[in-house]
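Observations on the model geometry
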Amino acid sequence: MTDALESPLSLIGWRGILAAVPADPPGLRMARVIAQHRAGYELHDGDHAFNAQPAPRFIKPGIDPSERPAVGDFVLVTSAKPPLIERILPRRSELARAAAGERHQRQLIATNIDTVMVICGLDGDFNPSRIERYLMLVEGSGARAVIVLTKADTSDEVETTIEELRKRVPANTPIHAINAKSADSIAPLLAYFGPGSSTVLVGSSGVGKSTLTNSLLGESRQATNSVRETDSRGRHTTTYRALIQLPSGGCLIDTPGMREIKLTGEETLSGDQFGDIEELAQTCRFGDCSHLSEPGCSVRAALEDGRLDNERWHNYLKLRDELASAADSLEAQLRRKGESRVLTKALGKRLDEKYGSH
Ligand SMILES: Nc1nc2c(ncn2[C@@H]2O[C@H](COP(=O)(O)OP(=O)(O)OP(=O)(O)O)[C@@H](O)[C@H]2O)c(=O)[nH]1
Ligand SMILES: [Mg+2]
Ligand SMILES: [Zn+2]
């Protein structure tokens, strides 16, 4: 049995047993998706990078985008020229959000990752409510969240900012404040990038995702660009997600800055992030307490004596409403899909009857 350590695939984050990979149909080989472009996919087999196309069933209209190959996926490809991606191996984690726009669609940011670094600048970008929103996406992904605050070299209030943020995020979520441009300053992050690990960097444009990537690489491979002075906003310099091998043996996925972080409807409020608030609200005297002015309201009491952070409470209410409506859209979509599948089946049967099945 060939195990991961002997295989070049371990260099691109593969930790499984090769013999366990289905070789059906035979002749397929394994690789990892390292980038997705309009014209196709870029894969890496641990030895070298090559281009590939998705098998036709992945580009059929109507297929859910999360069923298509995504950056981070381990896939099986044919030996055709260009190679075709035939299969996506089961994912050990999936970071997803809802795509921007009216139509509800689950969009994958990265798969098979161990760590999601939620990056936020200690400049005008700093926004704890946005960090909480990211943490909700990470919570059900199968990966752990680490908060990285960049531009620590430009702020006089690093310690107090971390203290404030501590009140907003679960105690087991690490928070690091760094200067992404300095190799010394980013040293505490190296522990996350050991051999076999996969990490994705997420955050607004201009927070320093590519700067951090370059510092970890020890060279300027990813383009970076200054932020607007007035509001610290970036210029959307990185335009596609790219998986990069680091000298430390880990893999890193640099991503374009996100404009919108929409919930998919699959997140939960009862996990580490907001579970304590949900429990607290259940101890109010009235079962239908609106937490506004009723007597015996545990939420108001906690807000008044400072046990519950006011902004955190308001962000919780906002995310709760959003989650409810995202969950509704998701359900409606699944129902529609269910029906359309039935319709296709019924139509298929009619065609079979007419032309005979094949
Ligand atoms: N002083 C300081 N500047 C930083 C730090 N991190 C990033 N920068 C600067 O911030 C600007 C934006 O950095 P990028 O790495 O391009 O940001 P990004 O997150 O990759 O942005 P997009 O690709 O647009 O999503 C650049 O001018 C960096 O030099 C930091 O820790 N300290
Ligand atoms: Mg970038
Ligand atoms: Zn109440």
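Residues numbered from 1 in each chain as written. Chains lettered and ligands numbered in written order. Predicted model: local features only at pLDDT ≥ 70, side-chain atom pairs only at ≥ 80, totals over all residues. Heavy atoms only, no water.

Concerning the coordination of the magnesium ion (ligand 2)
Those protein atoms acting as donors to the magnesium ion (ligand 2) are Ser210 (OG) and Thr238 (OG1), and they sit at 2.0 to 2.1 Å. With a gap of 28 residues between them, Ser210 in helix H3 (residues 209-217) and Thr238 in the loop between H3 and strand E12 (242-245) connect regions that are remote in the sequence. An identical accessibility class is assigned to Ser210 and Thr238; each is buried. (Donors = N, O, S within 2.8 Å, 3.2 Å for Na, K, Ca; no water. Helix = DSSP H or I, 4+ residues; strand = E, 2+ residues; numbered from the N terminus. Buried < 20%, exposed > 50% of the residue type's maximum accessible area, 1.4 Å probe, protein only.)

Quick look at the site of ligand 1
Every one of the 25 residues lining ligand 1 counts as a neighbour, but Asp153, Ala180, Ser205, Thr211 and Thr238 are closest to it. Residue Lys151 places a main-chain N or O atom 2.9 Å away from an oxygen atom belonging to ligand 1. Contact between ligand 1 and Asp153: a nitrogen atom at 2.7 Å from a side-chain N or O atom of the residue. Alone, ligand 1 offers 660 Å² of accessible surface; in the complex the protein occludes 91% of this. Taken together, the residues of the shell around ligand 1 break down into five nonpolar, 16 polar and four charged. (Near = heavy atom within 4 Å. Polar contact = N/O pair within 3.5 Å; in protein donor to acceptor, adjacent residues only side chain to side chain. Areas by Shrake-Rupley, 256 points an atom, 1.4 Å probe, with all protein chains shown as cover. Nonpolar A, V, L, I, M, F, W, Y, C, P; charged D, E, K, R; others polar.)

Observations concerning the nonpolar core
Within the largest apolar cluster, 60 residues are counted, with the highest numbers of intra-cluster contacts made by Leu43, Leu95, Val116, Ile131, Leu149 and Val202. Here the element with the most residues in this core is helix H1 (residues 128-139); it accounts for six residues. Two domains each put at least three residues into this core: domain 1 (4-88) and domain 2 (94-254). Setting aside chain neighbours within four positions, we find Leu43 in contact with Ala31, Arg32, Val33, Ile34, His48, Ala49, Phe50, Ala52, Val75, Val77 and Ile85. (Core = buried A, V, L, I, M, F, W, Y, C linked by side-chain atoms within 4.5 Å. Domains from an automatic or database assignment. Contact = heavy atoms within 4.5 Å.)

Re the coordination of the zinc ion (ligand 3)
Within the protein, Cys284 (SG), Cys289 (SG), His291 (ND1) and Cys297 (SG) serve as the donor atoms for the zinc ion (ligand 3), at 2.2 to 2.4 Å. Classification of the site at the zinc ion (ligand 3) rests on its four donor atoms, whose angles at the metal span 102 to 116°, yielding the label tetrahedral. Sequence spacing among the residues donating to the zinc ion (ligand 3) works out to C-x4-C-x1-H-x5-C. For His291, a relative accessible area of 10% puts it in the buried group. (Tetrahedral: all angles 85-135°; square planar, octahedral: opposite > 155°, others 65-115°.)

Considerations on the pattern of salt bridges
Two side chains with opposite charge may pair up if their charged atoms get near one another. Under the counting rule described, the total for this entry stands at 20 salt bridges. For Glu94, the salt bridge identified is with Arg106, shortest N-O distance 2.6 Å. Of this pair, Glu94 sits in strand E6 (residues 94-98) while Arg106 sits in strand E7 (residues 106-111); the two residues are 12 residues apart in sequence, bridging distant segments of the chain. Two residues, Arg130 and Asp125, come together in a salt bridge whose shortest N-O distance is 3.3 Å. (Salt bridge = Lys/Arg side-chain N within 4 Å of Asp/Glu carboxyl O.)

Comments concerning the pairing of E7
Of all six residues that make up E7, five are buried, and the element is covered over most of its length. Bridging between E6 and E7 involves five bridges; their strand directions are antiparallel. Following the sheet pairing, Leu95 is matched in E7 by Ala110. (Pairing = 2+ DSSP bridges.)

Description of the domain arrangement of the protein
When its domains are assigned, the protein resolves into domain 1 (4-88) and domain 2 (94-254). Of note, the centres of domain 1 and domain 2, computed from C-alpha atoms alone, are 26 Å apart. Between domain 1 and domain 2, the contact holds 19 residues from the first and 17 residues from the second. Here domain 1 packs against domain 2, burying approximately 1,500 Å² in sum over the two surfaces, 50% of which is carbon and sulfur. For the domain 1 face of the interface with domain 2, the top three residues by lost area are Arg32, Ser66 and Val71, together amounting to 31%. Linking domain 1 with domain 2 are one salt bridge. Among the salt bridges present, the one from Asp114 reaches Arg15, with a minimum N-O distance of 3.0 Å. Connecting domain 1 to domain 2 are 12 residue pairs in polar contact (both at pLDDT 80 or more). Looking at which element gives the most residues to the side of domain 1 that touches domain 2, the answer is strand E1 (residues 29-37), with six residues. Class assignment of the residues belonging to the side of domain 1 that touches domain 2 gives a composition of nine nonpolar, six polar and four charged. (Buried area = accessible area lost by both parts, 1.4 Å probe.)

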